[in-house]
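An overview of the molecular structure
Listed here are the chains, written in short residue letters.
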Amino acid sequence: ISEQMGNFRSKKKVVPAEPPPPLTTLEQVLDNAEARERVTQAVAACKPGVASRWSKILEIANRKTMPTEEQPYPMNLEITLDTLKEIMVTLFHEVKYISSDGLALARNTIPEMYDKHSLERGSRVSLKERGEKGYHGENFAYGELDHEIFATMYLKLVSVYGAKDGGRFYDLGCGVGTLV
């Protein structure tokens with residue numbers, strides 16, 4: 001009977017004798033779901049246009065996690081700025097589609113980023129510059145491409161022609177630069 005009762009005893013969580021070393025390399029971070037999530041959350045916490053954005057992202061990603069009873073040795077990162085940028089490039093290349101959440105984020109975030117650079121302002125600047133340069137023809141146009149339309153076109157092009165490593169995107173006549 002005592003053997004049978006032994007099966008019902010609560011199992012104690014085995015705690016390693018020493019904490020694991022912090023993750024420091026591209027491969028270590030990419031192989032660890034929690035580390036990937038930490039980097040993604042750090043990027044989300046620092047919107048584009050924030051002064052010293054990369055430094056702040058790095059600081060958040062490398063922030064030490066305090067031990068808890070459930071997690072006596074939490075995962076920690078000690079990555080460099082170069083490693084962070086390598087991680088971001090790799091994560092970007094892994095994105096195969098834009099979710100509705102991603103489009104919603106773009107709808108909310110992109111206008112905030114460019115609120116000082118509206119279509120109207122870009123159009124005024126364009127008209128002024130054309131006037132200063134003596135371009136008075138009727139064949140000039142000014143406009144901005146909608147981000148959702150651009151994302152859809154880009155994904156369709158990639159699905160037909162494939163993504164090329166080292167490829168470049170050129171936004172010729174980029175207006176106020178919202179796609180750049």
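Everything here concerns the structure above.
Now for a look at the structure at hand. (Residues numbered from 1 in each chain as written. Predicted model: local features only at pLDDT ≥ 70, side-chain atom pairs only at ≥ 80, totals over all residues. Heavy atoms only, no water.)

**Notes on helix H7 (residues 119-133)**
- Helix length check: H7 (15 residues) gives 21 Å between terminal C-alpha atoms against 21 Å at 1.5 Å per residue, within 8%.
- The complete set of buried residues in H7 reads Gly122, Ser126 and Arg130. Projection of H7 onto a plane perpendicular to its axis shows the buried side chains occupying an angular sector of 70 degrees, all on one side. Across from the buried face of H7, at angles greater than 90 degrees, the exposed residues are Arg124, Leu127, Lys128 and Glu132.
- In the segment just after H7, Gly134 is the residue with positive phi, at about 80 degrees. (Helix = DSSP H or I, 4+ residues; strand = E, 2+ residues; numbered from the N terminus. Expected span 1.5 Å × (residues − 1). Buried < 20%, exposed > 50% of the residue type's maximum accessible area, 1.4 Å probe, protein only. Arc of directions from axis to C-beta.)

**Observations concerning the pattern of salt bridges**
- Under the defined criterion, the tally for this structure stands at 4 salt bridges.
- Notably, a salt bridge pairs Glu78 with Lys64, separated by 3.0 Å at the nearest N-O pair. With Glu78 in the loop between helix H4 (53-62) and helix H5 (81-94) and Lys64 in the loop between H4 and H5, this residue pair connects regions lying 14 residues apart in the sequence.
- The partner of Lys128 in a salt bridge is Glu132, with the nearest N and O atoms 3.3 Å apart. Of the two residues, Lys128 and Glu132 are both situated in helix H7; the distance of 4 residues between them amounts to about one turn of the helix. Comparing Lys128 with Glu132, the two get one shared label, exposed. (Salt bridge = Lys/Arg side-chain N within 4 Å of Asp/Glu carboxyl O.)

**So, the nonpolar core**
- Ranked by internal contacts, the top residues of the largest apolar core, which has 18 residues, are Val29, Val39, Leu77, Ile79 and Ile87.
- Here this core takes 4 residues from helix H3 (residues 33-45), the largest share from any one element.
- Non-local contacts of Val39, meaning those with residues more than four positions away in its chain, are made with Val29, Leu77, Ile79, Leu84, Ile87 and Met88. (Core = buried A, V, L, I, M, F, W, Y, C linked by side-chain atoms within 4.5 Å. Contact = heavy atoms within 4.5 Å.)

**A look at the packing of H3 against H4**
- In contact at an axis separation of 8 Å, H3 and H4 are set at 140 degrees when each is read in the N-to-C sense. One element, H3, and the other, H4, form an angle in the oblique class. When you trace H3 past H4, the crossing you get is right-handed. On the side of H3, the interface is formed by Arg38, Ala42, Val43 and Ala45, while H4 contributes Arg53, Ile57, Ile60 and Ala61.
- Taken together, the residues of the contact of H3 with H4 break down into 6 nonpolar, no polar and 2 charged. (Axes fitted to C-alpha atoms, helices over the stretch in contact; angles between N-to-C directions. Parallel < 35°, antiparallel > 145°, perpendicular 65-115°, else oblique. Left-handed = near helix turned anticlockwise from the far one by under 90°. Nonpolar A, V, L, I, M, F, W, Y, C, P; charged D, E, K, R; others polar.)

**Notes on H4**
- Inspection of H4 places Arg53, Ile57, Leu58, Ala61 and Asn62 among the buried residues, and these make up the whole buried set. Summarising the axial view, the buried residues of H4 lie within an arc of 155 degrees, below the 170-degree limit, and thus occupy one face.
- Among the structural elements, H3 and H5 are those in contact with the buried residues of H4.

**Looking at a negative patch on the surface**
- A grouping of Glu27, Asp31, Asp82 and Glu86 is seen on the molecular surface, where their side chains present a negatively charged patch.
- With respect to the helices and strands, the residue Asp31 is situated in the loop between helix H2 (26-30) and H3.
- The exposure class assigned to Asp31 is exposed, which follows from its relative accessible area of 69%. (Patch = residues over 30% accessible without salt bridge, like charges linked within 9 Å, V, L, I, M, F, W, Y side chains within 5 Å. Areas by Shrake-Rupley, 256 points an atom, 1.4 Å probe, with all protein chains shown as cover. Lys, Arg positive; Asp, Glu negative; His and termini not counted. Charge placed at Lys NZ, Arg CZ, Asp CG, Glu CD.)

**What to know about the packing of aromatic side chains**
- Following the criterion strictly, the structure yields 0 aromatic pairs and no others.
- Over the aromatic face of Trp54 sits the side chain of Lys85, whose NZ or CZ is 5.5 Å from the ring centroid. (Phe/Tyr/Trp six-rings, centres within 6.5 Å; stacked < 30°, edge-to-face > 60°. Lys NZ or Arg CZ within 6 Å of the ring centre and 35° of its normal.)

**Details of the packing of H4 against H5**
- Two numbers describe how H4 lies on H5: the axes approach to 10 Å, and their chain directions differ by 90 degrees. When the axes of H4 and H5 are compared, the pair comes out roughly perpendicular. Contact residues: Trp54, Ile57 and Leu58 in H4; Leu81, Leu84, Lys85 and Met88 in H5.
- The residue inventory of the contact of H4 with H5, partitioned by class, reads 6 nonpolar, no polar and 1 charged.

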